[in-house]
Amino acid sequence: MNHILHVVGARPNFVKAAPVLRAIRERGIRQTLVHTGQHYDRNMSDVFFTQLEIPEPDFNLEVGSGSHAWQTAEIMRRFESVVLERKPDLTLVYGDVNSTVAAALVCSKLLIPVGHVEAGLRSFDRTMPEEINRIVTDRLSDVLFTPSEDGDANLLREGVAKERIHFVGNVMIDSLIQLLPAAKSCPRNGFPERFALVTLHRPANVDEGETLRELLDSLTKVSQELDIIFPVHPRTRQRIEEFRIDSRHLRLLDPMPYIEFLALQSRAAVVITDSGGIQEETTYLGVPCLTLRPNTERPITVSLGTNVLVGDDRKRLATELAAILEGKQKKGVTPPLWDGRAGARIAEILQKM
Ligand code: UD1
């Protein structure tokens, strides 16, 4: 393998690609980095590149926002010429966002092998756009790097040949381990001693007025017992404004840089979220996580980690929260190979190919 092209587009991609880019660079293999521009705000993109020490992308497709079909198609259109020009030996795609599936489609049609980092995860819920992206990307991939063994089992069940699957561990945890010391020395910036950290951006939770209103209502109730810190994703901010929801009782902040957010996660009494990656980060940190979703593509965070799925059950949210505040929280363990070396394992496998 002489030349690897990486495709990133959205916030969680940056966190996953950083350790892989570093490990491959250390082996002296040529790399090309393409940013699709799916996320483009400074605090959704540039800040992550700086803090994670990701090199300047060789190409920025500047795609921006749109419907799923538009965004996916536009990434494909703009990405094809880059692949034709660069002719990589393999393209690495990350996670489950629209940029991931778009790049996998383009490369597989140009007969460029595709490697998928974070392969095999399944929520078995096709109402989630990410589930469609995961299934299609895995189907098209030639090399599949899984973060946990449930990923291997899912892929084998779907008929993927065993030789293509590599259980390498969790690249997101590589970044966490690298930057945790910086996070620990972050100043507290006037944030309270004891607080709940909240994030919310899944379409199923924020795109319907009634659902979002009820969720924010429950969070307001939580805030009567425990301070809430809530960095708001742009999608959610737009919806709160569009539905004219009164959010005065919640402390709404702008999206945060990686290190500052990691500091908040590591200091939180509890994290309440609908994110995928945060379920994993809290498991590694041993911080209780209440997930506002009925299912998860990361079941290991429930079976081994600190994660509890509360879905949209407000009563469950209240009882689980009360248990945590009484100190009766779930004690988790770190899943196998979440050890900061996943990126190095990927680089090693690719070097041998
Ligand atoms: C995307 C991913 C999701 C991931 C999330 C992480 C897909 C299908 N979804 O969701 O899996 O968990 O990223 O953040 O790929 N916007 C801005 N500034 C930005 C980016 C987005 O204002 O820099 C606004 C736009 O109005 C846009 C909306 O946020 O329409 C949603 O962005 P989009 O990239 O479509 O999906 P996310 O909700 O961010």
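Residues numbered from 1 in each chain as written. Predicted model: local features only at pLDDT ≥ 70, side-chain atom pairs only at ≥ 80, totals over all residues. Heavy atoms only, no water.

Enquirer: Break down the overall build of the protein chain for me, with residues and values.
Expert: Looking only at helices and strands, the protein chain has 15 helices and 13 strands in total. Taken against the 2.2 N^0.38 rule, which gives 20 Å for 353 residues, the C-alpha radius of gyration of the protein chain at 20 Å falls within 12% of a compact globule. By principal-axis analysis of the C-alpha atoms, the protein chain measures approximately 55 × 40 × 40 Å. Scored against the burial criterion, the 353 residues of the protein chain give a buried share of 58%. Considering only contacts within the protein chain whose residues lie at least 6 apart along the sequence, 68% involve residues at least 24 apart. As displayed, the protein chain has an accessible area near 15,000 Å², and 50% of this comes from carbon and sulfur atoms. Taken as two groups, the 43 positive and 47 negative side-chain charges of the protein chain have centres that lie 2 Å from each other. (Helix = DSSP H or I, 4+ residues; strand = E, 2+ residues; numbered from the N terminus. Rg over C-alpha atoms; globule rule 2.2 N^0.38 Å. Buried < 20%, exposed > 50% of the residue type's maximum accessible area, 1.4 Å probe, protein only. Contact = heavy atoms within 4.5 Å. Areas by Shrake-Rupley, 256 points an atom, 1.4 Å probe, with all protein chains shown as cover. Lys, Arg positive; Asp, Glu negative; His and termini not counted. Charge placed at Lys NZ, Arg CZ, Asp CG, Glu CD.)

Enquirer: Lay out the site of the ligand with the relevant residues and their values.
Expert: Neighbouring residues of the ligand: 19 residues in total, closest His39, Asp41, Glu130, Arg235 and Gln238. For the ligand, a nitrogen atom lies 2.8 Å from a polar atom in the side chain of Asp41. In the environment of the ligand, an oxygen atom lies 2.6 Å from a nitrogen or oxygen atom belonging to the side chain of Glu130. When the ligand sits alone it has 750 Å² of accessible area, and the protein chains cover 90% of it. Using a 2 Å cut-off from the grid points, one finds that the ligand occupies the largest pocket. For the shell around the ligand, the leading source of residues is helix H10 (residues 234-242), giving 3 residues. Two domains each donate at least three residues to the shell around the ligand, and these are domain 1 (3-169 + 338-352) and domain 2 (182-325). (Near = heavy atom within 4 Å. Polar contact = N/O pair within 3.5 Å; in protein donor to acceptor, adjacent residues only side chain to side chain. 1 Å grid on protein atoms, 1.4 Å probe; cavity = no way out; pocket = protein on both sides within 12 Å on 5 of 7 lines; lining within 4 Å. Sits in = over half its atoms within 2 Å of the grid points. Domains from an automatic or database assignment.)

Enquirer: Tell me about unusual backbone geometry, and name the residues and values.
Expert: One non-glycine residue with positive phi stands out, namely Leu111, at about 60 degrees. Turning to its location among the elements, Leu111 is positioned in the loop between helix H4 (98-109) and strand S5 (114-117). The exposed category is assigned to Leu111, whose relative accessible area is 75%.

Enquirer: I'd love a proper account of the packing of aromatic side chains, names of residues and values included.
Expert: Inspection of every chain in the model, using the stated rule, returns 3 aromatic pairs. Centre to centre, the rings of Phe48 and Tyr258 are 6.5 Å apart; their planes meet at 65 degrees, and the pair counts as edge-to-face. On the criterion of sequence distance, the pair formed by Phe48 in helix H2 (residues 46-51) and Tyr258 in helix H11 (residues 258-267) is long-range, its members being 210 residues apart. Accessibility expressed as a relative area gives 5% for Phe48, which makes it buried. Given the relative accessible area of 5%, Tyr258 is considered buried. One aromatic cluster is present, built from ring pairs that chain together Phe14, Phe48, Phe49 and Tyr258. (Phe/Tyr/Trp six-rings, centres within 6.5 Å; stacked < 30°, edge-to-face > 60°.)

Enquirer: Tell me about the pairing of S5, and name the residues and values.
Expert: Regular strands show a simple pattern: their side chains alternate between the two faces of the sheet. Burial along S5 is two-sided: Val114 and His116 and Gly115 and Val117, pointing in opposite directions, are all buried. Here strand S4 (residues 90-94) pairs with S5 via 4 bridges, running parallel. The residue bridging Thr91 from the neighbouring strand is Val114, located in S5. Between the parallel pair S4 and S5, the chain is carried across by H4, and the sense of this crossover is right-handed. Two elements, S5 and strand S6 (residues 143-146), share 3 bridges in a ladder whose sense is parallel. By the bridge assignment, Val117 is partnered in S6 with Phe145. In this fold, S5 hands off to helix H5 (residues 129-140), which returns the chain to S6; that crossover is right-handed. (Pairing = 2+ DSSP bridges. Right-handed = clockwise from strand over helix to strand, strands pointing away.)

Enquirer: A description of empty space enclosed by the protein should follow, citing residues and the corresponding values.
Expert: Per the stated rule, a full pass over the model turns up 1 cavity of 30 Å³ or more. Estimated volume of the largest cavity: approximately 30 Å³. Split by residue class, the lining of the largest cavity holds 5 nonpolar, 2 polar and 1 charged. (Points joined across faces, edges and corners; volume = space filled by probe spheres on them. Nonpolar A, V, L, I, M, F, W, Y, C, P; charged D, E, K, R; others polar.)

Enquirer: Quick one: what's the story with the packing of helix H9 (residues 209-223) against helix H14 (residues 314-325), residue by residue and with numbers?
Expert: Direction vectors running N to C along H9 and H14 enclose 25 degrees, while the axes themselves pass 11 Å from each other. Relative to H14, the element H9 is oriented roughly parallel. Crossing of H9 over H14 shows right-handed handedness. Two secondary-structure elements touch here, H9 through Glu214, Asp217, Ser218, Lys221 and Val222 and H14 through Arg314, Leu317 and Leu321. Split into classes, the residues belonging to the contact of H9 with H14 amount to 3 nonpolar, 1 polar and 4 charged. (Axes fitted to C-alpha atoms, helices over the stretch in contact; angles between N-to-C directions. Parallel < 35°, antiparallel > 145°, perpendicular 65-115°, else oblique. Left-handed = near helix turned anticlockwise from the far one by under 90°.)

Enquirer: Could you give an account of the sheet that holds strand S1 (residues 3-8), with specific residues and numbers?
Expert: The strand order across the open sheet formed by 7 strands is S3-S2-S1-S4-S5-S6-S7, and the pairing between neighbours is parallel. For this open sheet the edge positions go to strand S3 (59-60) and strand S7 (165-167), each flanked by a neighbour on one side alone. Packing of helix H1 (residues 11-26) onto the sheet brings it into contact with S1, strand S2 (30-35) and S4, and relative to S1 it is tilted by some 165 degrees. Relative to S1, helix H3 (residues 68-86) is tilted by about 165 degrees, and along the sheet it contacts S1, S2, S3 and S4.

Enquirer: Tell me about helix H7 (residues 171-184), residues and numbers included.
Expert: Over its 14 residues, H7 runs 20 Å from end to end, which matches the ideal 20 Å to within 8%, given 1.5 Å per residue. Where H7 bends most, at Gln178, the angle is about 40 degrees, and the proline Pro181 comes one to four residues later. By the burial criterion, the buried members of H7 are Val171, Met172, Ile173, Asp174, Ser175, Leu176, Leu179, Leu180 and Ala183. Residues of H7 that are buried sit in contact with H1, H2, S5, H11, helix H12 (277-285) and helix H15 (342-352). The opening residue of H7 is Asn170, an N-cap whose side-chain oxygen sits 2.9 Å from the backbone nitrogen of Met172. (Expected span 1.5 Å × (residues − 1). Bend = angle between axes of the 7 residues up to and from the residue.)

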